[in-house]
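Summary of the model geometry
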Amino acid sequence: MEMKQIPDYPNYAVTRDGRVWSYNRNKFVYCYPHKSGLTVPLWYEGLRFMKRVQRLVFETFYGYSPEVVTHRDGNCFNNNLENLIGMTRSEASKLRYKSPLKPQPICRVKIATGKLDIVEVRRKEKCYTIIHEAVRRRSLTSGRCFYYYPDEKDELISEIKARIYSNELSLNRLLQQDKYSPFIPVIKNHIRTNKKYLEVLEKI
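All of the points below concern the structure found in this document.

Let us now look at the sheet that holds strand β6 (residues 37-44). With antiparallel pairing, 3 strands are arranged side by side in an open sheet as β5-β6-β7. For this open sheet the edge positions go to β5 (32-34) and β7 (47-52), each flanked by a neighbour on one side alone. This sheet shows a mean twist of 35 degrees between the axes of neighbouring strands, independent of strand direction. The sheet contact formed by β6 and β7 spans 6 bridges and is antiparallel. Residue valine 40 lies in a different strand from β7, and its bridge partner there is lysine 51.

Once that is clear, we can look at the packing of aromatic side chains. One pass over the full model with this rule turns up 7 aromatic pairs. With a centroid separation of 5.3 Å and 80 degrees between ring planes, the pair formed by phenylalanine 58 and tyrosine 64 is classed as edge-to-face. Look at phenylalanine 146 and tyrosine 197: their rings are 5.2 Å apart centre to centre, the planes differ by 85 degrees, and that puts the pair in the edge-to-face class. Of the two residues, phenylalanine 146 sits in strand β12 (residues 145-148) while tyrosine 197 sits in helix α5 (residues 183-202), which places them 51 residues apart along the sequence. For the residue pair phenylalanine 146 and tyrosine 197, the accessibility class agrees, reading buried in each case.

Okay, helix α3 (residues 128-135) next. In terms of burial, α3 is a largely internal element, 6 of the 8 residues being buried. Residues of α3 that are buried: Tyr128, Ile131, His132, Glu133, Ala134 and Val135. Considering only its buried residues, α3 is in contact with β5, β6, β10 (106-110) and β12.

Parameters at a glance
Residues numbered from 1 in each chain as written. Predicted model: local features only at pLDDT ≥ 70, side-chain atom pairs only at ≥ 80, totals over all residues. Heavy atoms only, no water. Pairing = 2+ DSSP bridges. Helix = DSSP H or I, 4+ residues; strand = E, 2+ residues; numbered from the N terminus. Axes fitted to C-alpha atoms, helices over the stretch in contact; angles between N-to-C directions. Phe/Tyr/Trp six-rings, centres within 6.5 Å; stacked < 30°, edge-to-face > 60°. Buried < 20%, exposed > 50% of the residue type's maximum accessible area, 1.4 Å probe, protein only. Contact = heavy atoms within 4.5 Å.

Okay, here's the thing in structure tokens:
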């Protein structure tokens, strides 16, 4: 996973796929979804700045700041470096008059039934933001469904397996330290839930 320090923000780094890392907190920072894309708060010398994630990715890896940073596939939540284009405002304004790109197909799996279907979600739809939160792994599920791009099922399965492994490690540690800890039932429930998720996906 390639990650580079964000220019002018020495306490943060960003990955090629648009995740922001805090060196102070030693973890990835939550990015806030909006209709026009993702924003993230960065702190510098006691001041808080809200920054567009696509611009952070572009400027960090390409080393310059274009007037506009936009997305090749029309999906404003897909901040992979290869999906970002820098252009002038004049070029961006011309794009607005072109026909919108066809939305990218998304796999939807209903957890209760295991039924798989293919959906296309347009920006104007109310569910656009929450579905793309799940597609980009900001949340594991949405509306009791899994959402992922057709070629990313294995990535979702790997993430669920990693969560199970992490929870099992935490559970074993707690059982050794305090077998009456109130967190033990919570972690066991997380493990059961994720194993159910895994079972549903592996049957598809």
